[in-house]
Amino acid sequence: MTATAAIITLHNSPNYGSCLQTYATQRVFESLGVAPTVVDYYRHDAIPENETERALNGQLVKKLPILGLPGVKSLARVPVSRMVARRRAPLDAFRREMLNLTPRKYYSAEELEADPPRADVYVTGSDQVWNSTWNCGFERAFYLSYAPEGAEKIAYAASIGKSTLDDWEKPLMREALLRYDAISVREPEAAELLDSIGVPGAVPVVDPTLMLGRPEWGALSDGWVPDFPYLLVYQLNRNPEFDAYVQDVAAAAGLRVLRPAYGVHERRRGEEAVVCPSVGRFLSLFLNASIVVTDSFHGTAFSVNLEKPFVAIAPERFSGRIGNLLAMTGLEGRLLSDYRDVALAAGDIDFAQARIALARERERALCFLRGALPTEFVE
């Protein structure tokens with residue numbers, strides 16, 4: 001009889017990285033002979049009808065300051081709601097088709113605790129599930145508060161995403177995580193933080209997207225092959241210096257610039273926006289790029305994994321994971337330190353060390369899971 005695992009993660013965050021790390025996590029468990037189910041849990045601000053309010057109050061106000069003027073936000077609600085729906089559409093389509101979601105959607109920890117999914121093993125999955133800043137507080141569902149008493153509980157590549165913990169969250173994390181049977185985390189710093197609060201033994205493992213290679217990601221792409229060379233921009237944080245650097249690199253290399261974008265407001269002069277691409281097209285954009293410039297962890301991860309020439313630009317927040325990945329693969333030199341360094345993008349990359357490192361880390365992650373899962377569950 002096939003063992004089952006119920007995995008909770010940030011599968012419905014409105015970005016491609018979260019979506020694809022969930023898919024990769026699912027595939028990793030399947031490779032071990034375990035039947036995974038992704039718990040269709042929605043953090044309060046991830047509930048579709050709440051995303052409009054978040055967009056109006058958060059990032060959109062920063063990008064479009066006019067929304068902060070009295071009365072303008074009310075007028076903007078309908079078009080912003082449509083924008084949010086458009087942004088979600090390709091990701092939701094992928095989730096419905098490719099993820100093994102629970103039949104029921106859960107909109108609170110209380111709902112999960114009252115009617116938890118049944119499984120042999122309960123798993124906290126990857127992404128920044130333990131980042132209280134990102135989660136706007138302590139999300140106890142991501143600490144498996146709903147798992148039945150005595151059930152097997154593990155964490156696979158969970159991330160804290162911060163270099164320090166707030167005093168208020170330390171006892172909550174300690175109490176919750178000491179109930180786990182085994183813990184792996186995505187960054188060595190996360191293991192150190194957990195050890196500092198009395199939760200020892202967490203094992204650092206690579207992000208699940210790095211567990212799948214080019215053949216797997218290529219099979220998931222939509223097969224698009226352009227008839228022109230291009231620089232791919234994958235940017236999550238607004239930064240005028242970043243934008244200027246992209247233009248300088250593109251001009252020096254003679255490349256067109258393509259940018260996956262969530263809306264027309266993200267367009268830049270001198271670039272071609274690919275608005276709300278399907279997940280398959282998003283992967284094709286990486287697979288066929290001549291150069292990638294990114295401030296995203298997953299943008300960096302796909303560039304390394306697919307062996308694409310790239311420049312990584314550290315964002316102001318939560319940038320440690322990019323540095324960890326580059327150090328692990330011997331590619332620290334691809335982290336931009338000076339926006340005048342246009343030549344960096346044209347420099348050759350020897351991915352030999354990265355291949356060796358990824359093979360080693362993939363086996364390390366599988367070894368953790370084989371040891372964490374009950375012996376009778378693993379093929």
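Here is what the cut-offs are and how they apply
- Residues numbered from 1 in each chain as written.
- Predicted model: local features only at pLDDT ≥ 70, side-chain atom pairs only at ≥ 80, totals over all residues.
- Heavy atoms only, no water.
- Pairing = 2+ DSSP bridges.
- Helix = DSSP H or I, 4+ residues; strand = E, 2+ residues; numbered from the N terminus.
- Contact = heavy atoms within 4.5 Å.
- Axes fitted to C-alpha atoms, helices over the stretch in contact; angles between N-to-C directions.
- Salt bridge = Lys/Arg side-chain N within 4 Å of Asp/Glu carboxyl O.
- Buried < 20%, exposed > 50% of the residue type's maximum accessible area, 1.4 Å probe, protein only.
- Right-handed = clockwise from strand over helix to strand, strands pointing away.
- Expected span 1.5 Å × (residues − 1).
- Arc of directions from axis to C-beta.

Caption draft 1: Summary view of the sheet that holds strand β7 (residues 203–204). The seven strands are arranged β3-β2-β1-β4-β5-β6-β7 in an open sheet whose pairing can be described as parallel. Looking at the sheet topology across the chains shown, the edges are occupied by β3 (101–106) and β7. The strands touched by helix α7 (residues 188–196) are β6 (182–185) and β7; relative to β6, the strand with the most contacts, the crossing angle is about 135°.

Caption draft 2: Structural context of the pattern of salt bridges. This model, assessed by the stated rule, comprises 23 salt bridges. Across the pair Asp243 and Arg268 runs a salt bridge whose closest N-O atoms are separated by 3.0 Å. Of this pair, Asp243 sits in helix α9 (residues 240–253) while Arg268 sits in the loop between β9 (256–261) and β10 (272–275), and the two are 25 residues apart along the sequence. A residue is classified by how much of its surface remains accessible, and Arg268, at 16% relative accessible area, is buried. Across the salt bridge formed by Arg256 and Glu272, the nearest N and O atoms sit 2.8 Å from each other. One end of the pair, Arg256, is in strand β9; the other, Glu272, is in strand β10, with 16 residues separating them in the sequence.

Caption draft 3: Representation of the pairing of strand β1 (residues 4–8) within the structure. Burial analysis of β1 places four of its five residues in the buried class, which makes it a mostly covered element. Pairing between β1 and strand β2 (residues 35–41): four bridges, direction parallel. Residue pairing for β2: Thr4 is matched across the bridge by Ala35. Tracing the backbone out of β1, into helix α1 (residues 16–31) and back to the parallel element β2 gives a crossover that is right-handed. Relative to strand β4 (residues 121–124), β1 runs parallel, the two being bridged by four bridges.

Caption draft 4: Spatial organisation of α9. Under the 1.5 Å per step criterion, the end-to-end length of α9 is 20 Å for 14 residues, consistent within 8% with the ideal 20 Å. Every buried residue belonging to α9 is among Phe242, Asp243, Tyr245, Val246, Val249 and Ala250, and all of these are buried. Looking straight down α9, one finds its buried side chains confined to an arc of 160°; they lie on one side. Along α9, the residues that are exposed and aim more than 90 degrees away from the buried face are Pro240, Ala251 and Ala252. Packing partners of the buried residues in α9 comprise β8 (230–234), β9, β11 (291–294), β12 (310–312) and α13 (343–346). Gly254 sits one or two residues past α9 and shows a positive phi near 70°.

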